[in-house]
2 protein chains.
Amino acid sequence: MKISVRQLLIGKPLPTWRAAEERLPKILALPIFASDAMSSVAYATEAIMRNLLLGALALHNIVPITGAIVLLLMMVATSYRQTIFAYPSGGGSYIVAHDNLGKIPGLTAASSLLIDYVLTVSVSTAAGVAAITSTPVGHILAPYRAELCVAFIFIIALANLRGVRESGVLFALPTYVFIFSFVSMIALGGIKYLNGELHALPPPSLAPVPALQLPAAIFWFWILRSFAGGCTAMTGVEAISNGVQAFRKPESKNAATTLVWMAVILAVLFTGTSLLANYLRISPSVNATETVVSQIVSAIAGHGWFYYLIQAATAAILILAANTSFAGFPRLCSILAHDRFMPRQLANIGDRLVYSNGIMILAVLASVLVLVFHGEEQLLLPLYAVGVFLSFTLSQYGMVVHTRRLKEKNWKTSALISGVGGTVTAAVTLVMAITKFREGAWIVVLLIPILVLILLKINRHYMQLADQLRLPSERPTELPEMKNTVLVLVPGIHKGVLPAIQYAKSLSPDCRAVYIEADPEATALIEERWEKWGQGVPLVVLESPYRSIVQPILKYLDEVVGEHKRHIVTVVIPEFVPARRWQGILHNQSGLLLKLALLFRRNIVVANIRYYLEK
Amino acid sequence: MKISVRQLLIGKPLPTWRAAEERLPKILALPIFASDAMSSVAYATEAIMRNLLLGALALHNIVPITGAIVLLLMMVATSYRQTIFAYPSGGGSYIVAHDNLGKIPGLTAASSLLIDYVLTVSVSTAAGVAAITSTPVGHILAPYRAELCVAFIFIIALANLRGVRESGVLFALPTYVFIFSFVSMIALGGIKYLNGELHALPPPSLAPVPALQLPAAIFWFWILRSFAGGCTAMTGVEAISNGVQAFRKPESKNAATTLVWMAVILAVLFTGTSLLANYLRISPSVNATETVVSQIVSAIAGHGWFYYLIQAATAAILILAANTSFAGFPRLCSILAHDRFMPRQLANIGDRLVYSNGIMILAVLASVLVLVFHGEEQLLLPLYAVGVFLSFTLSQYGMVVHTRRLKEKNWKTSALISGVGGTVTAAVTLVMAITKFREGAWIVVLLIPILVLILLKINRHYMQLADQLRLPSERPTELPEMKNTVLVLVPGIHKGVLPAIQYAKSLSPDCRAVYIEADPEATALIEERWEKWGQGVPLVVLESPYRSIVQPILKYLDEVVGEHKRHIVTVVIPEFVPARRWQGILHNQSGLLLKLALLFRRNIVVANIRYYLEK
């Protein structure tokens, strides 16, 4: 019954040899690994504009800032493209930083990414749910935002537990609808612009902010802040380099091609959106009542079916952005577990050839986060993206060291791109951490080193374990002798204990029966019957003035264990198994209590011999 | 740590020989067994008056009705006094009915009492909490009524878990304060009346109901209903007869004396209250804003300290009434368990020489009831008292049979008292069940036979069990041979598995090592190392195409078990025990999973051999 519910939800187990078949074609890999990056098109332009407004800068600065971000995106993508070829087994920032910069930078990159994966799931489902609950129809769901987020998180987790291919198929359609509807919007806007059919919107009823002559330092601070705000468009770019092994052969080539596609699509959508926003003189609404994308599409195509298509696709991709983390987090955990920095269970592939444990942990952590923050993505946003940019930086500096060491063709150009990219992302990391520090980025700044310490501590334990378990190179001639004493507990003398006595007798020549004396008057009768039924095993009677079953046995066990060196005591407990489940409550659970009491005792082995009742 | 919290709450375990010392002197037994009966003085007079008002009968009928109830009380008490001497080992209605009328009447009496004990706890704590929350100060607690009830239930349960004597001391004071303050109120009222200082209250502002000339049938229906309403004063009278064994020696004599005291005090308090209510022409307030007792005491003594003393003592005794059930329910359960009608665990005496399991079950059931009914005692009242009167009836008819059989001195008078008493209580049971049927009494009418069936079913199981376990009178010359095969699971070859192999080898000549092949490429190496370290035990390699550890073992076990008749397979699982608790999560839990999977398999014994890590 239990197994069939499980199979209904996540499907039948898959054999190991099918792993190669479960690899992804590029057409499915793109939506899985790119939905996070793509989804940022829905808000990146707006993020830049809001920062410009806050700094009282002219909105037309959006164009050069978008250009700069696209340039940075290209550099980072190029750097990761090199990584894919240099490290075809996957692992992205963690592997690159660990391999080229050392253990601590590697673990720092890994910790940053892990934290950000969790945040991505929380932020993106919260944003997607907000897109639903801010429509007139979805408004009634507003009080259940956090619960809706958790529900979406578990739907995505379930799809991922079903397996890589199946979740790819599920999530491909919304991602492609998003891409094509946005491309159509930009194309339609471009055509209308060329035909002179498109006109700037009337300025908002608010008086426009006068373009002041700001001191250069303040001007550049706000330009940088706007730039950093727009950089959230780049989160998710590292995902493909982590998951090279999920691609069909030749893995590196396919992954690199997919990365290029993703970067180009992202650049086109982002640039197009920013250009349209600029041409249409759109200004972000003060109370965030209408998104910038919503304003653009209604200016170009009105409020028809196309408008609703774009809105629906936006909500869908925001929620699906979480899926990229579900591809990345478990893979990174398994790589860390393989390197003995995380619990071994995370390295295991589950029934469906995915890292089930990692998927479930991510779902639980992200759900907790959503519930703690009541599903409000505005509270979560300041924590977001710092980690990603830190890992970008470490990865790119790692690639600089890598290319310098190998000195392959054109290594100087490669190193230059990674170096400049790394320096810019380092600057973005700093700007993000400083400007959002008090709103929540401090949590992440604090968590990263803590997580690094935990990973190091886990690693130390596994290293010590290996030391303790290592066998000597020479086999010793003889192992030291081990003595086994068997105690069989006799609650009374009846048919149910006979097989237990017989079994106990077979285990060791030193076998003793133990009887707890609850009522001293009954002991004589028990001893008399033991003569007849005890199969020659000596009977030990333990007094129990406090009527406890467990205490006298523990005391006696301590005595017996002390009788010899290397002494193992096997406690045989006879148990009834009732014919029907409900009858179980009609029997004393002293066997269970005793088992629990012996759980943490050294040199004691508990064996239950069951006697099956027939009715 | 766990033990010390437990000891802090309920005290140190007590040895069995102290049981005699824990017996109760009469001065402590009275508050424990009488608080339920006493507490009804707080509302019985009012219950009669309300029924009279509902039937538009004159309120002065209170005097003859109270007289009739006191008469009935005396009959029932006399009958139970005989029971105490006839059945000095306790058991009350159940034992008497079972012994004289048969199994089904006995179980019916037991079921009725069990249900009523639970109801008493719920109703009386709810009434006590209502007394608190209806004061101006307590009003802020009104939204937490149900939670407060549960808190009081658990405080009383805890006191009872500490032991009979200690809970007696705790509860004695409020009971005696209640008795003495009520006696003082009645005495003061009597003196003032004799001095002519006491005057009837002015009639209430409502126009008094004209005393109509009712048809005789209707008149008697309402008289009966009022009588039945007032009969709730008698609940709890049976408690002492259940608990004779809690008294000091000579048990029967002491218990009988305490019963007489209780009946006399109850009669005095009840009669006095009704007489004062009648003389003062008190009428129950329409919205139950002020209780009858409150009106009486304020008419006699004004609103001074005495008024508040009476109110506080009333609230306290209402809550403490629950304590009588905590004395009765676990004792009745243990008697039923001893007779094999209830799970054996309920017969056990706990650490503190009380029936801990029964106490905890009562606390849980009463709490659930309170929570389901949101702590509103008005909803619970219709369910109440039907069970008690059914058990009174069965007990008294049982005593008729008993006295007729033994034919001791004055047996005819005894039989007459019990017979008349039983007939009256039978009538009261019927009136209660019918008039309150739709308001909730149907639940109890339905539950009693269901509970009887459950008790019968449990009894059947224990009888069948005894049959199955009974040893033949002649010992067979030889038990059929039993074969033991030992399988030791080898997750890898390292220091941690060596003791497990050594142990397994010692258990049986047929010992095999089992290795699950997760990665076929690693098997050759394992086999090679096994040559060196396997201590001569043959190695069985099981394929696992789905990477599961449990499935291949289960399949192999089925094969091995089938090899012989009477074949027991012992599975030895080596386990690490980490030096620190947190390290546990760093190890695979496959051993635990396997143990769970084997839990319900026949002829399989699981033994864990632990390897202790040092750091």
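Figured I'd write up the structure that's included with this text. All chains use their own residue numbering, which begins from 1 and follows the written sequence. For naming, the first written chain is A and the first written ligand is 1, with later ones following in the order written. With pLDDT at 70 or above as the cut-off, local features in this predicted model cover only qualifying residues; side-chain atom pairs require 80 or more to be listed or tallied, and sums for whole chains, interfaces and linings still use all residues. Excluding hydrogens and water, the side-chain values take into account all heavy atoms of the structure.

### Some details on the overall build of chain A
Starting at the N terminus, helices and strands are each numbered in turn, a helix being any DSSP run of H or I of at least four residues and a strand any DSSP run of E of at least two. Assigned secondary structure in chain A consists of 22 helices and five strands. Among the 615 residues that make up chain A, the fraction classed as buried is 54%. A sequence separation of at least 24 residues applies to 81% of the contacts in chain A between residues at least 6 apart. Relative accessibility decides the category of a residue: with a 1.4 Å probe and only protein chains considered, values under 20% of the type maximum give buried, values over 50% give exposed, and everything between is partly exposed. Here, residues are in contact when the closest pair of their heavy atoms is within 4.5 Å.

### A word on the sheet that holds strand E3 (residues 539-543) of chain A
Residue and element names in this part refer to chain A. For two strands to pair, DSSP has to find at least two bridges joining them. Within the open sheet, the five strands sit side by side as E3-E2-E1-E4-E5. Their pairing is parallel. Of all the strands in the sheet, the pair left with one neighbour each is E3 and strand E5 (604-612). Sheet twist, expressed as the average angle between the axes of neighbouring strands with direction ignored, equals 30°. Note that strand E1 (residues 483-489) and strand E4 (residues 567-577) share six bridges and pair parallel. Axis lines are fitted to C-alpha atoms, over the contacting stretch for helices. Their N-to-C directions set the angle, which ranges from 0 to 180 degrees.

### A closer look at the sheet that holds strand E3 (residues 539-543) of chain B
In space, the five strands of this open sheet follow the order E3-E2-E1-E4-E5 (chain B), with parallel pairing throughout. Each edge of the open sheet is held by one strand with a lone partner, namely E3 and strand E5 (604-612) of chain B. Mean inter-strand twist for the sheet, computed between neighbouring axes without regard to direction, equals 30°. Both strand E2 (residues 511-517) of chain B and E3 of chain B contribute to a ladder of five bridges, which runs parallel. Each bridged residue has a counterpart across the sheet, and for valine 514 of chain B the counterpart in E3 of chain B is valine 540 of chain B. With respect to the sheet, helix H19 (residues 498-507) of chain A is in contact with strand E1 (483-489), strand E4 (567-577) and E5 of chain B, its orientation differing from that of E1 of chain B by roughly 65°.

### Some thoughts on the interface of chain B and chain A
The interface of chain B with chain A comprises 80 residues on the first partner and 79 residues on the second. Where chain B abuts chain A, roughly 6900 Å² becomes buried across the two surfaces, and 58% of that area is made up of carbon and sulfur atoms. By buried area we mean how much accessible surface two parts lose on assembly, using a 1.4 Å probe and totalling the loss over both. Three residues stand out in chain B for area buried against chain A, namely Gln468, Leu471 and Arg547 of chain B, and they jointly supply 11% of the buried area on that side. By the criterion applied in these results, polar contacts are pairs of N or O atoms within 3.5 Å in which, for protein atoms, one can donate a hydrogen and the other can accept it, and in which residues neighboring in sequence qualify only through two side-chain atoms. Where chain B meets chain A, there are eight residue pairs in polar contact (both at pLDDT 80 or more). Mapped onto the side of chain B that touches chain A, the elements with two or more residues apiece are helix H18 (437-469), helix H19 (498-507), helix H20 (523-533), E4 and E5 of chain B. Among the elements that line the side of chain B that touches chain A, the one with the most residues is E5 of chain B, at nine residues. Per-class residue counts for the side of chain B that touches chain A are 40 nonpolar, 22 polar and 18 charged. By the convention adopted, Pro, Cys, Tyr, Trp, Phe, Met, Ile, Leu, Val and Ala count as nonpolar, Lys, Arg, Asp and Glu as charged, and the other residues, Gly among them, as polar.

### Looking at the pattern of salt bridges
Every case where a carboxyl oxygen of Asp or Glu lies within 4 Å of a side-chain nitrogen of Lys or Arg is listed as a salt bridge. Counted by the stated rule, this structure contains 14 salt bridges over all chains. Of the charged contacts in the structure, one is a salt bridge between glutamate 251 of chain A and arginine 23 of chain A, with a shortest N-O distance of 2.9 Å. Here glutamate 251 of chain A is found in helix H11 (residues 251-279), whereas its partner arginine 23 of chain A is found in the loop between helix H1 (2-10) and helix H2 (26-39), with 228 residues between them in sequence. Judged by its relative accessible area of 18%, arginine 23 of chain A is buried. When the shortest N-O distance is used, the salt bridge between arginine 512 of chain B and aspartate 510 of chain B registers 3.2 Å. Of the two residues examined, arginine 512 of chain B and aspartate 510 of chain B, each falls in the buried class. Three or more residues joined by partner-sharing salt bridges are found here, namely Lys483, Asp510, Arg512 and Glu563 of chain A.

### Considerations on the environment of isoleucine 132 of chain A
All names here are of chain A. When you line up the elements, isoleucine 132 lands in helix H6 (residues 103-133). On a C-alpha basis, the gap between isoleucine 132 and alanine 142 in space is 8.8 Å, while along the polypeptide they are 10 residues apart. Setting aside its immediate chain neighbours within four residues, isoleucine 132 contacts Gly138, Phe152, Ala315 and Ile319.

### Observations concerning the pairing of E5 of chain B
Residue and element names in this part refer to chain B. Burial of E5 is extensive: nine of the nine residues sit out of reach of the surface. Of the two faces of E5, the one carrying Ile604, Val606, Asn608, Arg610 and Tyr612 and the one carrying Val605, Ala607, Ile609 and Tyr611 are both buried. Of the pairings in the sheet, the one linking E4 to E5 comprises nine bridges and is parallel in character. Counterpart to glutamate 575 in the pairing with E5 is arginine 610.

### Focus: the relation of the copies chain B and chain A
Relating the two copies of this chain is a rotation about some axis coupled with a shift parallel to it. A residue counts toward the fit only if its pLDDT is at least 70 in both copies, and the copies are then superposed by least squares on the C-alpha atoms of those residues. Note on the copies: chain B fits chain A at an RMSD of 0.1 Å, the axial shift is 0.0 Å, and the rotation between them is 180°. Overall, the copies show the geometry of a two-fold rotation axis. Of every C-alpha in chain B, the one belonging to leucine 507 of chain B sits nearest the axis of rotation, 2.4 Å from it. Take the interface residues of chain B: 99% of them recur as interface residues in chain A, which is what a same-surface contact looks like.

### Some words on empty space enclosed by the protein
Think of a ball as big as a water molecule: rolled over the atoms, this probe shows where empty space is left. Residues and elements named next belong to chain A. Within this scheme a cavity is a closed region of a 1 Å grid, computed over the protein atoms alone, that accommodates a 1.4 Å probe without allowing it to escape, whereas a pocket is open but has protein on both sides within 12 Å along at least five of seven lines; lining residues each have an atom within 4 Å of a point. Grid points are joined across faces, edges and corners, and a volume is the space filled by probe spheres set on the points. Counted by the stated rule, this structure contains three cavities of 30 Å³ or more. When its volume is computed, the largest cavity comes out at roughly 50 Å³. Lining the largest cavity, in full, are Asp36, Leu113, Asp116, Tyr117, Thr120, Thr235, Gly236, Glu238, Ser325 and Val388. Among the elements that make up the lining of the largest cavity, the one with the highest residue count is H6 (four residues). Partitioned by chemical class, the residues of the lining of the largest cavity number three nonpolar, four polar and three charged.

### Examining helix H7 (residues 145-162) of chain A
The α-helix advances 3.6 residues per turn, and as a result positions three or four apart in sequence lie on the same side. All names here are of chain A. Compared with an ideal rise of 1.5 Å per residue, which puts 18 residues at 26 Å, H7 spans 26 Å between its outermost C-alpha atoms and is within 8% of the ideal. Among the residues of H7, Ala146, Cys149, Val150, Ile153, Ile156, Ala157, Ala159, Asn160 and Leu161 are the ones counted as buried. Looking one or two residues past H7, glycine 163 carries a phi angle of roughly 130°, positive in sign. Any helix carries an expected span of 1.5 Å times its number of residues minus one.

### As for the side chain of threonine 258 of chain B
Residues and elements named next belong to chain B. For threonine 258, the location among the structural elements is in helix H11 (residues 251-279). Taking relative accessible area as the criterion, threonine 258 reaches 0% and is therefore assigned buried. At 2.7 Å, the side chain of threonine 258 forms a polar contact with the backbone oxygen of asparagine 254.

### Some details on unusual backbone geometry
Residue and element names in this part refer to chain A. Here the bond from lysine 249 into proline 250 is cis, since omega is -10°, no more than 30 degrees from zero. One can find proline 250 in the loop between helix H10 (239-242) and H11. Even without being glycine, lysine 407 reaches a positive phi, approximately 50°. As for its placement among the helices and strands, lysine 407 is situated in the loop between helix H16 (386-406) and helix H17 (411-435).

Keep in mind that these numbers describe shape and distance, not what the molecule does.
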